[in-house]
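Examining the three-dimensional arrangement
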Amino acid sequence: MNRIYMIGFMGCGKSAVGRRLSFLLKLPFYDMDKEIVRQTGKTIPEIFEEHGEEYFRELETKFLQNFKNDHCIISTGGGVTMRKANQKIMRNTGLVLFLDAPFREIWRRIHRDPNRPIVRQSTREEIEELHKARYRDYKQTAHITIRTEFRTLRQITQYAAFQVKRLKGE
Ligand SMILES: Nc1ncnc2c1ncn2[C@@H]1O[C@H](COP(=O)(O)OP(=O)(O)O)[C@@H](O)[C@H]1O
Ligand SMILES: O=C(O)C1=C[C@@H](OP(=O)(O)O)[C@@H](O)[C@H](O)C1
Ligand SMILES: [Mg+2]
């Protein structure tokens, strides 16, 4: 299959770049978090509060297992690479792009956002540890790593489009 997956830590720009890339490449766009909200009728904080993180992880895996569309862009949630099964599905069904942003920038973007339950429950130090702990999985799962520091959303999107075309031999 021919999908493009955006992966990386919370706040690295997966949703913002994925949406822009979908306009540029003229492909349908799916944000996994939004799809899960639509399917369950609950917000992400509600799912975490009412059912816990494991339940949310199960919804992510089910989404990846049941999703049928090809030729599209999927922005994932930052925890999607925690499960090997998810890593495998993504690598086997598309190109995986990792947006690598420096932690201080990530923190600046996410620390006040009420829609990310993991951030609400944790200190800056804990989130920084999580970022470090997840980094290797992002690197291992990705076909391409895109460093986002000092780049605008427009520049990152154009660079991502260039890399996608190069890897597809277009
Ligand atoms: N390179 C960038 N330059 C400026 N703002 C950015 C950049 N990348 C992301 N943002 C902004 O940071 C916030 C978080 O981005 P988002 O796409 O929601 O991250 P993610 O989906 O990876 O958690 C959004 O307001 C987004 O517009
Ligand atoms: O990193 C995580 O564990 C999470 C990231 C979020 O998505 P974003 O990466 O788009 O913020 C969302 O899936 C949920 O709050 C959990
Ligand atoms: Mg997002």
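Residues numbered from 1 in each chain as written. Chains lettered and ligands numbered in written order. Predicted model: local features only at pLDDT ≥ 70, side-chain atom pairs only at ≥ 80, totals over all residues. Heavy atoms only, no water.

UniProt annotation of "binding site: ATP" (unreviewed entry) refers to Gly 11, Cys 12, Gly 13, Lys 14, Ser 15, Ala 16, Arg 116 and Arg 151 when read in the numbering used here. The annotated residues occupy 141 residues of the chain and do not converge on a single region, their most distant C-alpha atoms lying 24.0 Å apart. Locating Gly 11 in the fold gives a position in the loop between strand S1 (3-7) and helix H1 (14-25). Of the residues examined, Gly 11 reaches a relative accessible area of 12% and is grouped as buried. With sequence-adjacent residues up to four places away left out, Gly 11 is seen in contact with Ile 106, Arg 109, Ile 110 and Arg 116. Mapped onto the secondary structure, Ser 15 falls in helix H1. Sequence-distant contacts of Ser 15, defined by excluding residues within four places in its chain, comprise Phe 29, Asp 31 and Ser 75. (UniProt positions renumbered as here; feature names shortened; annotations may be inferred. Helix = DSSP H or I, 4+ residues; strand = E, 2+ residues; numbered from the N terminus. Buried < 20%, exposed > 50% of the residue type's maximum accessible area, 1.4 Å probe, protein only. Contact = heavy atoms within 4.5 Å.)

Bringing the site of ligand 2 into the picture now. For ligand 2, the set of nearby residues contains 13 residues, the closest of which are Lys 14, Asp 33, Arg 57, Arg 116 and Arg 134. A distance of 2.9 Å separates an oxygen atom of ligand 2 from a polar backbone atom of Gly 78. Within the side chain of Arg 116, an N or O atom sits 2.6 Å from an oxygen atom of ligand 2. For ligand 2, whose free accessible area comes to 390 Å², the fraction covered by protein is 97%. Counting residues per element, the ones that place at least two in the shell around ligand 2 are helix H4 (53-66) and helix H7 (117-120). Here the residues of the shell around ligand 2 are counted per class, giving five nonpolar, three polar and five charged. (Near = heavy atom within 4 Å. Polar contact = N/O pair within 3.5 Å; in protein donor to acceptor, adjacent residues only side chain to side chain. Areas by Shrake-Rupley, 256 points an atom, 1.4 Å probe, with all protein chains shown as cover. Nonpolar A, V, L, I, M, F, W, Y, C, P; charged D, E, K, R; others polar.)

Next up on the list: the site of ligand 1. For ligand 1, the set of nearby residues contains 13 residues, the closest of which are Gly 11, Lys 14, Ser 15, Ala 16 and Arg 116. Ala 16 places a polar main-chain atom, nitrogen or oxygen, 2.8 Å from an oxygen atom of ligand 1. Take Arg 116: an N or O atom from its side chain is 2.8 Å from an oxygen atom of ligand 1. Calculation on ligand 1 without its partners gives an accessible area of 560 Å², and the protein chains cover 70% of this total. Those elements that place two or more of their residues in the shell around ligand 1 are H1 and helix H9 (153-167). The biggest single contributor to the shell around ligand 1 is H1, with three residues.

Attention now moves to the pairing of strand S5 (residues 144-147). Going residue by residue along S5, you find Ile 144 and Ile 146 tucked away on one face and Thr 145 and Arg 147 left uncovered on the opposite face. Here four bridges tie strand S4 (residues 94-100) to S5, and the two strands are oriented parallel to one another. Within S5, the position partnered with Asp 100 by the bridge is Arg 147. (Pairing = 2+ DSSP bridges.)

Moving on to the sheet that holds strand S2 (residues 29-31). With respect to topology, five strands assemble into an open sheet ordered S2-S3-S1-S4-S5, the strand pairing being parallel. The open sheet has two free edges, formed respectively by S2 and S5, since each of these has just one partner strand. The average undirected angle you get between the axes of adjacent strands in this sheet is 20 degrees. With three bridges joining them, S1 and strand S3 (residues 73-75) adopt parallel strand pairing. Its bridge partner being in S3, Met 6 is matched across the sheet by Ser 75. (Axes fitted to C-alpha atoms, helices over the stretch in contact; angles between N-to-C directions.)

Bringing helix H3 (residues 44-51) into the picture now. Since the α-helix turns once every 3.6 residues, residues separated by three or four places project in the same direction. Listed in full, the buried residues belonging to H3 are Ile 44, Pro 45, Ile 47 and Phe 48. An end-on view of H3 places all buried positions within 165 degrees of arc, on one side of the element. With its phi angle positive at about 90 degrees, Gly 52 sits one or two positions after the end of H3. (Arc of directions from axis to C-beta.)

Now for the pattern of salt bridges. Within the structure shown, the criterion is met by 13 salt bridges. In this structure, Arg 116 engages Asp 113 in a salt bridge whose closest nitrogen and oxygen atoms are separated by 2.6 Å. Here Glu 129 ties to Lys 132 by a salt bridge, and the two come within 3.7 Å at their closest N and O atoms. In this pair, Glu 129 and Lys 132 are both assigned in helix H8 (residues 124-141), three residues apart and thus about one turn of the helix distant. Owing to a relative accessible area of 47%, Glu 129 belongs among the partly exposed residues under this scheme. (Salt bridge = Lys/Arg side-chain N within 4 Å of Asp/Glu carboxyl O.)

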